Amino acid sequence: MPIVLESLAKIGFMFAVIMGMVPLMIWAERKGAAFIQDRTGPNRAAIAGVRLAGLIHPLADVVKLIFKEDVQPASRHKALYNLAPWLAMTVAVSTYAVIPFGDYIMIGGKKFALVVADLQVGALYVLAVSSLGTYGIVMGGWASNNKFSFLGGIRATAQMISYEISMALALMGLMLIFSSLRITDIVVGQQELIFGFLPKWGVVVQPLGFILFLTAVFAETNRNPFDMPEGESEIVAGYHLEYSSLKFALFFMAEYCHMVVGAALITSFYFGGYQIPGMPRAFLEAHAGGLLTGQLIAIICTGVIFGLLFLRRVQLEAGKFGDERDREPALGAGFWFLVALGALGALTLKPWTIGPDGASMVATVAQVMAFLGKVVFFSWFFIWVRWTLPRFRYDQLMHLGWKVMLPLGLLNLVVTAVVMALV
Amino acid sequence: MSFEGLPAAATKKKVNFWESLYVIEIAKGLVVTMSHLVKNIFATSEMPTLQYPEEKMVYSDRFRGRHRLTKREDGTPKCVACQLCSTYCPADCIEIVGAEHDDPTIEKFPLTFEIDLLRCVFCGLCEEACPCDAIRLDTGIYEMAADNRAAFVVDKDFLLNNTTDGTL
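Residues numbered from 1 in each chain as written. Chains lettered and ligands numbered in written order. Predicted model: local features only at pLDDT ≥ 70, side-chain atom pairs only at ≥ 80, totals over all residues.

### Here's the deal with the environment of A:E285
Residue and element names in this part refer to chain A. Mapped onto the elements of the fold, E285 is located in helix α11 (residues 281–286). Linking E285 and L408, residues 123 residues apart in sequence, is a C-alpha distance of 42 Å. For E285, the contacting residues outside a window of four places in its chain are A359, S360 and A363. (Helix = DSSP H or I, 4+ residues; strand = E, 2+ residues; numbered from the N terminus. Contact = placed C-beta atoms within 7 Å.)

### A short note on the domain arrangement of chain A
All names here are of chain A. Domain boundaries in chain A define domain 1 (2–278 + 358–422) and domain 2 (288–354). Contacts between the two partners involve ten residues from domain 1 and, on the opposite side, nine residues from domain 2. Looking at the side of domain 1 that touches domain 2 residue by residue, the class counts come to seven nonpolar, two polar and one charged. (Domains from an automatic or database assignment. Nonpolar A, V, L, I, M, F, W, Y, C, P; charged D, E, K, R; others polar.)

### Observations regarding the pairing of strand β3 (residues 108–116) of chain B
Residue and element names in this part refer to chain B. Strand direction decides the pairing type here: strand β2 (residues 94–100) and β3, joined by seven bridges, are antiparallel. When the bridges of β3 are listed, G98 appears paired with P110. Note: β3 against strand β5 (residues 153–154), two bridges, orientation antiparallel. When the sheet's bridge partners are listed, I115 is paired in β5 with V154. (Pairing = 2+ DSSP bridges.)

### Some points on the sheet that holds β3(B)
If you walk across this open sheet you meet the three strands as β2-β3-β5 (chain B), and the pairing is antiparallel. The sheet terminates laterally at β2 and β5 of chain B, the two strands that pair on one side only.

### Regarding the interface of chain B and chain A
Of the residues lining the interface, 15 residues belong to chain B; the matching set on chain A comes to twelve residues. Of the residues that constitute the side of chain B that touches chain A, the class distribution is eight nonpolar, six polar and one charged.

### Side note on the packing of helix α10 (residues 245–270) of chain A against helix α14 (residues 356–386) of chain A
All names here are of chain A. Following both chains from N to C, one finds α10 and α14 inclined at 125°, their axes separated by 8 Å at the closest point. Classed by the angle they form, the pair α10 and α14 counts as oblique. Here α10 runs over α14; the crossing is right-handed. Residue-level inspection shows M259, V260, G262, A263, A264, I266 and T267 of α10 in contact with α14, the latter providing F371, K374, V375, F378, S379 and F382. Taken together, the residues of the contact of α10 with α14 sort by class into nine nonpolar, three polar and one charged. (Axes fitted to C-alpha atoms, helices over the stretch in contact; angles between N-to-C directions. Parallel < 35°, antiparallel > 145°, perpendicular 65-115°, else oblique. Left-handed = near helix turned anticlockwise from the far one by under 90°.)

Printed below as a string of structure tokens:
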């Protein structure tokens with residue numbers, strides 16, 4: 001029974017992280033795209049005059065999508081049409097089961113590993129489940145009984161088959177080096193330092209493999225420049241053309257979940273997972289008090305700086321809108337000064353004299369934050385690339401997949417194997 | 001077939017080895033987009049975007065907005081219902097019914113004067129055709145929204161008392 005509770009708690013944490021990331025990603029996508037294109041982006045939706053730089057918009061979107069009419073084509077295949085978005089969503093989320101988001105946590109003298117399922121064949125599970133993700137798209141495309149949707153589904157299949165191979169080949173090089181399929185082993189293996197300063201991250205020991213894996217992940221998540229199944233300029237909206245309301249929202253969320261999964265995979269395989277370079281767990285625990293104090297001081301500085309920036313806006317933008325939104329700068333300044341004050345209050349508790357239990361907890365939190373930080377960066381990377389590169393043409397996509405990435409993947413594997421045999 | 005006479009854009013640019021690897025070129029592109037992002041985060045107020053209902057575009061004085069009918073000193077329309085504007089109108093959006101005027105020095109006056117704003121192309125030819133300077137497009141109003149088509153057919157009274165707040 002405790003193992004069930006333990007798993008449920010971990011699943012709950014991971015699910016909360018993903019579901020919290022999705023609206024943030026949608027916000028980052030819209031705002032980032034706007035700033036890259038010299039626009040201001042969403043900044044209208046407000047709750048009591050607080051707009052949070054457009055963060056209210058995802059909330060408004062959700063409300064809108066829930067209350068919209070669910071228009072369905074009369075000639076659809078009812079069961080598959082309704083199943084497809086749920087399948088896409090479920091598969092997108094289930095990859096997280098094998099990704100470690102921290103080392104372990106000590107609660108009441110007991111160690112709990114921070115991974116939902118520490119499978120011996122974790123990497124295989126990732127490959128298997130990520131290709132399952134295409135089923136939702138294919139089913140949605142076929143069940144809609146629409147030629148464009150169907151084309152989107154076919155494209156998704158072809159793309160998955162082409163890039164799955166490169167992805168697996170890139171991972172095989174990594175498996176040779178860390179001689180394990182278990183993701184926790186791979187993450188722990190990346191803790192070592194090469195030449196005393198370079199972390200033995202996957203990206204350092206397998207640079208070519210990293211580029212191949214990154215490209216393949218972009219293709220697996222159906223993100224630009226590989227968003228062939230959607231291809232709005234060619235096949236309208238592809239597989240989700242006939243979907244509306246909540247079912248469309250599920251497809252939309254599945255895409256962003258896929259991105260977060262992709263970012264977590266890149267982090268775990270090639271960027272040391274939850275490891276902080278040069279700071280192993282023992283180091284973190286030994287210096288926990290100092291780290292905590294430094295962190296609090298950093299929070300105080302951030303709070304004061306942002307508070308002052310908001311104070312400046314209070315002066316600059318007095319009466320700019322003539323309604324509730326004018327209160328926003330004052331509220332922002334108040335919030336940031338409160339944060340600074342709270343951190344200042346925490347300093348009076350003498351965080352530098354923290355006990356061994358507290359030190360262990362600080363180390364765990366620091367590692368989870370490191371993992372989340374890397375995931376957020378790579379999630380942003382997906383958005384960044386989308387607004388930089390144009391979409392590939394279909395034949396270019398196939399050319400890249402079969403004629404460039406497959407040979408390079410094989411070459412990478414052979415070279416890695418030879419080097420591993422010699423060293 | 002020779003491409004030598006064609007302009008540079010019509011011939012395909014030679015891609016050298018490093019460019020054909022994509023990776024470096026993609027990194028360059030990422031730097032370009034990120035530089036825009038960073039610049040815009042720190043200089044949001046310098047963006048060309050207008051926050052529309054609060055900020056509005058300033059058009060030139062010659063901008064042709066919604067029509068108005070000019071008045072004589074006694075407040076009656078200058079229009080003599082000569083039908084020149086409606087004859088000249090390329091969109092056929094002006095509808096005038098004329099009637100005899102009480103004053104013998106004035107030939108006629110418009111009993112009704114209707115403009116269908118949805119058909120109007122704001123070309124200003126009615127303004128040029130008018131012999132009495134009775135119709136002008138100088139109000140500068142460009143916000144003309146309504147939720148039914150009938151509201152866009154504006155009558156004489158409306159055109160004579162044209163409001164400037166943009167509401168129909």
